[in-house]
Amino acid sequence: MELSSIASQVSSQASSQTAAQMSLLLLRKTLDLQAANMAGLVQAAAPASTPSNPPNLGNSIDVTA
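Reading guide: rules and limits
- Residues numbered from 1 in each chain as written.
- Predicted model: local features only at pLDDT ≥ 70, side-chain atom pairs only at ≥ 80, totals over all residues.
- Heavy atoms only, no water.
- Helix = DSSP H or I, 4+ residues; strand = E, 2+ residues; numbered from the N terminus.
- Rg over C-alpha atoms; globule rule 2.2 N^0.38 Å.
- Buried < 20%, exposed > 50% of the residue type's maximum accessible area, 1.4 Å probe, protein only.
- Areas by Shrake-Rupley, 256 points an atom, 1.4 Å probe, with all protein chains shown as cover.

Novice: Help me out: how do you make sense of the overall build of the protein chain in this one?
Specialist: Looking only at helices and strands, one finds one helix and zero strands in the protein chain. Here the protein chain has a C-alpha radius of gyration of 30 Å; the compact-globule value for 65 residues is 11 Å, and the former is much larger. Seen through its principal axes, the protein chain has C-alpha atoms that stretch 90 × 35 × 10 Å. In the protein chain, which comprises 65 residues, the proportion classed as buried is 0%. As presented, the protein chain carries roughly 6200 Å² of accessible surface, and 62% of it is formed by carbon and sulfur atoms.

Listed below in structure tokens is the structure:
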């Protein structure tokens, strides 16, 4: 192997490794932003209200048909 081909292989591996690291950093940032957005949506959601049905409704089931 020639020295120039080895140098070009090392250079291409280094650039692909850098690109992979940048992609991973971008993915982490995206996930952090999505988590922050979801936290805001969960907090903004209306809390579940108590049912307004009468207390005797739903206490028994008629299974005869």
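Novice: Any chance you could explain the environment of K29 here in plain terms?
Specialist: By the secondary structure assignment, K29 is in helix α1 (residues 3-44). Expressed as a C-alpha distance, the spacing of K29 and S16, which sit 13 residues apart in the sequence, is 20 Å.

Novice: What is the right way to read the environment of L57 from this model?
Specialist: Counting through the fold element by element, L57 comes out in the segment after α1. The spacing of L57 and A39 is 18 residues in sequence and 36 Å in space, taken between C-alpha atoms.

Novice: What should I look at first to understand the environment of L25 in this one?
Specialist: Within the fold, L25 resides in helix α1. Among the residues examined, L25 registers a relative accessible area of 43% and is labelled partly exposed. For L25 and T64, which are 39 residues apart along the polypeptide, the C-alpha to C-alpha distance reads 62 Å.

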